[in-house]
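One-letter residues, chain by chain:
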Amino acid sequence: PDRGGRDRYGRGARERSPPRRGPGGSGQVLSFKHFMARQPDNVRPKEAEVMYKEYLIKQLGNAKNVWFKEHSESEEMRQRYDPVRIEEALKVREAEAKASVGEFVGASGSDQAAEGEGMEAQTRLCKYPEAAWAEGRTSKDLKLLHKLVTTLDAEKNIQKNPLFGDMGSLEEVKGAQGDSLLDKLLSYAWRVHGVDYYAGEELGFNRFRERKDGRQQSRGPKPTEAGASAVSDEAAQYFRDLEIRWDTRVFEGDRAFKLVGKEKLEGELSSYVDSQVQQIDGNKFMCKLCTKLFKGSDFTKKHISNKHAELVEQVKAKTVQKIYMDNFLADETFKEHEEEVKALQDSMGEDVSAAALTSREPRAAPTPARTPRRSYFDLDQPKQETRSVLDYGDI
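For the structure given in this document, a descriptive report is provided here.

Thresholds, definitions, all that
Sequence positions are assigned chain by chain, starting from 1 and proceeding in written order. In keeping with the model being predicted, local features are shown solely for residues with a pLDDT of at least 70 and side-chain atom pairs are shown and tallied solely at 80 or more, while totals for entire chains, interfaces and linings include all residues. Hydrogen atoms and water are omitted, and side-chain values are computed over all heavy atoms in the structure. Runs of H or I in DSSP of at least four residues are treated as helices and runs of E of at least two as strands, each being numbered from the N terminus. By this rule, a helix spans an expected 1.5 Å times one less than how many residues it contains. Here the term buried applies to any residue with accessible area under 20% of the maximum for its type, exposed to any over 50%, and partly exposed to those in between, with areas from a 1.4 Å probe on protein chains only. Each direction from the helix axis to a C-beta atom contributes to the arc, which is the arc of those directions. Any two residues whose heavy atoms approach within 4.5 Å at even a single point are treated as in contact. Put simply, a nonpolar core is a bunch of buried Ala, Val, Leu, Ile, Met, Phe, Trp, Tyr and Cys residues held in one set by side-chain atoms that sit within 4.5 Å of each other. Following DSSP output, two strands are said to pair if at least two bridges run between them. Comment: axis = line fitted to C-alpha atoms, over the contacting stretch for helices; angle = value between 0 and 180 degrees taken between N-to-C directions. Aromatic rings from Phe, Tyr and Trp, taking only the six-membered ring of Trp, are treated as a pair when their centres fall within 6.5 Å; an angle between ring planes under 30 degrees marks them as stacked, one over 60 as edge-to-face, and anything in between as tilted.

Helix length check: helix 12 (residues 262-275), at 14 residues, gives a terminal C-alpha distance of 20 Å against a target of 20 Å (1.5 Å per residue), a fit within 8%. When helix 12 is considered as a whole, its buried residues turn out to be Leu265, Leu269, Tyr272 and Val273. Projected onto a plane normal to the axis of helix 12, the buried residues spread over an arc of 95° and lie on a single side. On the buried face of helix 12, the contacting elements are strand 5 (277-281), helix 13 (297-307) and helix 14 (309-330).

If you look at the biggest cluster of nonpolar residues, it comprises 31 residues, and the most contacted ones within it are Leu145, Tyr188, Tyr197 and Tyr198. Only helix 5 (83-107), helix 7 (129-132), helix 8 (137-155), helix 9 (175-193) and helix 10 (233-252) provide two or more residues apiece to this core. Excluding residues within four positions of it along the chain, Leu145 makes contact with Leu182, Leu185, Leu186, Ala189 and Tyr197. Counting 15 residues, the second-largest nonpolar core is a separate cluster that includes Tyr272, Val277, Ile304 and Leu311.

This next bit is on the sheet that holds strand 6 (residues 284-287). One open sheet holds the three strands; their spatial order is 5-6-7, and the pairing between them is antiparallel. Bordering the open sheet on either side are strand 5 and strand 7 (293-295), each of which pairs with just one other strand. Averaged over all pairs of adjacent strands, the angle between strand axes in this sheet comes to 40°, irrespective of strand direction. Bridge count for strand 6 against strand 7 is three bridges, and the pairing is antiparallel. When the sheet's bridge partners are listed, Phe285 is paired in strand 7 with Phe294. Packed onto the sheet, helix 13 meets strand 5, strand 6 and strand 7 and runs at close to 15° relative to strand 6.

Attention now goes to the packing of aromatic side chains. When we look at a pair of aromatic rings, we describe it by the centre distance and by the angle of the planes. Taken as a whole, this structure holds nine aromatic pairs when the rule is applied. Here the aromatic rings of Phe104 and Tyr188 are separated by 5.3 Å at their centres, their planes lie at 80°, and the arrangement is edge-to-face. Placement of Phe104 in helix 5 and of Tyr188 in helix 9 is noted, with a sequence separation of 84 residues between them. Given the relative accessible area of 4%, Phe104 is considered buried. Their ring planes at 80° and their centres at 6.3 Å tell us that Tyr198 and Phe239 sit as a pair that is edge-to-face. Remark: Phe239 occurs in helix 10 and Tyr198 occurs in the loop between strand 2 (195-196) and strand 3 (201-202); sequence separation between them is 41 residues. On the basis of relative accessible area, Tyr198 is assigned to the buried category, the value being 0%. Take Phe239: its relative accessible area is 3%, and that puts it in the buried class.

Below, the discussion takes up the environment of Phe239. Once the C-alpha coordinates of Phe239 and Tyr128 are considered, the two residues, 111 residues apart in sequence, prove to be 9.0 Å apart. The contacts of Phe239, once residues within four sequence positions are left out, are Tyr128, Ala131, Ala132, Arg137, Asp141 and Tyr198.

An ideal rise of 1.5 Å per residue puts 28 Å on 20 residues; helix 10 measures up with 28 Å between its terminal C-alpha atoms. Along helix 10, the residues classified as buried are Ala235, Phe239, Leu242, Trp246 and Arg249. Down the axis of helix 10, the smallest arc covering the buried residues is 85°, so these residues share one side. Those residues of helix 10 that are exposed and angled more than 90 degrees off the buried face are Asp233, Glu234, Ile244 and Phe251. On its buried face, helix 10 is in contact with helix 7, helix 8, strand 2 and strand 3.

The next subject is unusual backbone geometry. One non-glycine residue, Asn157, lies in positive phi territory at about 60°. The residue Asn157 is located in the loop between helix 8 and helix 9 in this model. Overall, Asn157 belongs to the partly exposed group, its relative accessible area being 39%. Non-glycine residue Thr291 carries a positive phi angle of around 65°. Here Thr291 is to be found in the loop between strand 6 and strand 7.

Another aspect to go through is the pairing of strand 6. Bridge count between strand 5 and strand 6: four bridges; the pairing is antiparallel. Counted as the bridge partner of Gln278 is Met286 from strand 6. Remark: two residues form the turn of the hairpin made by strand 5 and strand 6, two consecutive strands paired antiparallel; Gly282 in that turn has positive phi of roughly 60°. Where strand 6 folds back on strand 7, the antiparallel hairpin that results is connected by five residues, among which Thr291 adopts a positive phi of roughly 65°.

Everything listed here is a matter of geometry and, on its own, says nothing about what the molecule does.
Set out below in structure tokens:
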């Protein structure tokens, strides 16, 4: 320990961990081995698996918390929800998007691409192609797509869009020029940002490379006036929903940045450092971690960040793990935990129900046998005479 009475982990005498208790004590979750030691001997393997799963659900709150406890170290889980992995994936995505801009410019240098032709092999028709060519539809899509692409470029730090340089005002872009620009924007949104506009889909950071091989939806060739038909109610509703989808995306931004939890992490670290600063008198401040005094709170905070970096890193690691778990629990599309519990119950058959399992009386945990204490013999004690005393009557 140092002179402040702290151990090598930076904890003071009052901050040291409490003495350890036995399995299951003080809210500690039992391991499978210790849990089964308290169950009847006639429990079958499948029953034991379900019983332990139900025990974990009761202890941790719900099946999703149990799934996180069991699978949080898996690579798949970390790639999807770990803020550290997500931040790394976003950096890779940004670099790939910037590289795709150069590829797009090179591909659009040919006469075919400049006219919006030759792209049919990389596209598939959208759900309502004729409605996409309806009067006024091109203008609406062009404005919304321009706003969406501008937002996507800013998120990936793309400074200059090759399609916006000489475009001028969108109000002046009409007719064939507007159709050509819309086709180029549709292609740019997919090839650079992984956005399939007409499908209403955006590739996530873990699927971003699929845009290289995948095919986006397009409106196909423009129908002739004789072949044009009125827009159905279903098609009109589809495009209204599409507008809401992309307007919401522009307004809320990329959800992936929220999964990183940068603001939450910075807030927790700032709160911890602030909590370790105590004002003594006037402009005199003390570091609670080592009782050193400084003239000004800023100097004290800087001291904590530099000299007590290990403790700050511990708070950071704990906060990152909390963000990791929150990201997982907030994913409402994840259902594997429910399928796992159901599969376990189904595998037991109809003869044993979950209620029957939990109604069984658990046996008490086995008490370890005590080693008998060795008898104590005092060598300094005067020697006792053990033979019988003889008197004159024995003669």
